[in-house]
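# A closer look at the structure
Residues per chain, in single letters:
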Amino acid sequence: MKKISFKVAALLLAGSMLSTSCIGSFKLFNKYEKWQCSMTNSKIVNGIVGLILQPVVGGVCLFVDALVLNTIEFWSGNNPIAMNSIQQVRGQDGLMYAVKTTKKGYEITSPTGEVTKLIFNQKENSWSVSQNGVTKEILRFNEDGTIQTTLPNGKLLTVTNDEAGLEQVYFMTTTDCYAMR
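Residues numbered from 1 in each chain as written. Predicted model: local features only at pLDDT ≥ 70, side-chain atom pairs only at ≥ 80, totals over all residues. Heavy atoms only, no water.

### Observations regarding the overall build of the chain
- Within the chain one finds four helices and eight strands.
- Ordered by position from the N terminus, the helices and strands of the chain form the series α-α-α-β-β-β-β-β-β-β-β-α.
- Nonlocal contacts in the chain, meaning residues at least 24 apart in sequence, comprise 17% of its contacts between residues at least 6 apart.
- Taken as a whole, the chain presents about 13700 Å² of accessible surface, with 62% of it coming from carbon and sulfur. (Helix = DSSP H or I, 4+ residues; strand = E, 2+ residues; numbered from the N terminus. Contact = heavy atoms within 4.5 Å. Areas by Shrake-Rupley, 256 points an atom, 1.4 Å probe, with all protein chains shown as cover.)

### Some thoughts on the sheet that holds strand β1 (residues 86–90)
- As summarised here, the arrangement of the eight strands in space is β1-β2-β3-β4-β5-β6-β7-β8, forming an open sheet in which the pairing is antiparallel. Among the strands making up the open sheet, the edge pair consists of β1 and β8 (156–159). For this sheet, the mean inter-axis angle between neighbouring strands, taken without regard to orientation, is 25 degrees.
- Across five bridges, β1 lies against strand β2 (residues 96–101) in antiparallel orientation. When the sheet's bridge partners are listed, Gln87 is paired in β2 with Val99.
- The sheet contacts of helix α4 (residues 163–174) involve β7 (147–150) and β8, and relative to β8 the element is tilted by about 155 degrees. (Pairing = 2+ DSSP bridges. Axes fitted to C-alpha atoms, helices over the stretch in contact; angles between N-to-C directions.)

### Considering the nonpolar core
- Core analysis: the largest hydrophobic core is formed by five residues, namely Ile147, Leu151, Leu157, Val159 and Val169.
- Here Val159 is in contact with Thr146, Ile147, Gly165, Gln168 and Val169, once residues within four sequence places are set aside. (Core = buried A, V, L, I, M, F, W, Y, C linked by side-chain atoms within 4.5 Å. Buried < 20%, exposed > 50% of the residue type's maximum accessible area, 1.4 Å probe, protein only.)

### Looking at the pairing of β2
- Counted along the chain from β1 to the antiparallel partner β2, the turn is five residues long, and its residue Gly94 has a positive phi close to 90 degrees.
- Pairing of β2 with strand β3 (residues 105–109), which is carried by four bridges, proceeds in the antiparallel orientation. In the sheet register, Thr101 faces β3, and the bridge partner there is Tyr106.
- What sits between the antiparallel neighbours β2 and β3 is a turn of three residues.

### Examining unusual backbone geometry
- Phi angles above zero are rare outside glycine, and Asn125 is one such case at about 55 degrees.
- With respect to the element layout, Asn125 can be found in the loop between β4 (115–121) and β5 (126–131).
- Of note in this structure, Asn132 is not a glycine but carries a positive phi near 55 degrees.
- The exposure class assigned to Asn132 is exposed, which follows from its relative accessible area of 64%.

### Here we look at the side chain of Thr116
- Along the chain, Thr116 turns up in strand β4.
- A polar atom in the side chain of Thr116 sits 2.9 Å from the side chain of Gln131.
- The residues contacting Thr116, other than those within four sequence positions of it, are Tyr106, Glu107, Ile108, Val129, Ser130 and Gln131. (Polar contact = N/O pair within 3.5 Å; in protein donor to acceptor, adjacent residues only side chain to side chain.)

These figures capture arrangement, not role.
See below:
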């Protein structure tokens with residue numbers, strides 16, 4: 001039986017820790033990979049260019065992600081690369097909405113150009129919605145672990161932070177509970 005040297009064991013351990021992805025989202029490397037796969041309409045050209053760029057550019061992106069950006073994400077909770085990214089999301093109505101990640105939350109642009117902002121207030125530990133210049137708090141995380149939400153009629157409802165609480169909010173916002181006996 002061959003003995004594994006200390007250097008090989010350390011290298012394998014370090015490699016396994018980097019490949020678990022538990023230290024971050026690897027946003028920079030994932031953006032590079034997405035660009036590399038879609039830079040042209042030809043898979044062959046993308047493959048050839050990828051073979052040339054991957055050892056250098058891919059390595060640098062992976063290194064910067066693993067040591068710098070994911071460390072920032074771990075300690076602050078925010079990845080600098082994820083800020084101001086825009087994703088196209090299909091709504092329940094079948095239309096595409098642009099969702100932009102910002103430092104304070106999300107900015108959602110409808111197909112008609114109407115902008116709605118979801119804003120997180122870290123000091124108050126709450127989320128608000130801002131539309132047409134009007135900002136309303138929609139939920140607040142309480143210190144006791146409950147969530148206080150504002151119903152469409154303006155009344156406040158405090159629920160537990162679990163599936164039962166979510167069902168209670170869903171029931172109160174989708175039914176006319178005052179007409180029920």
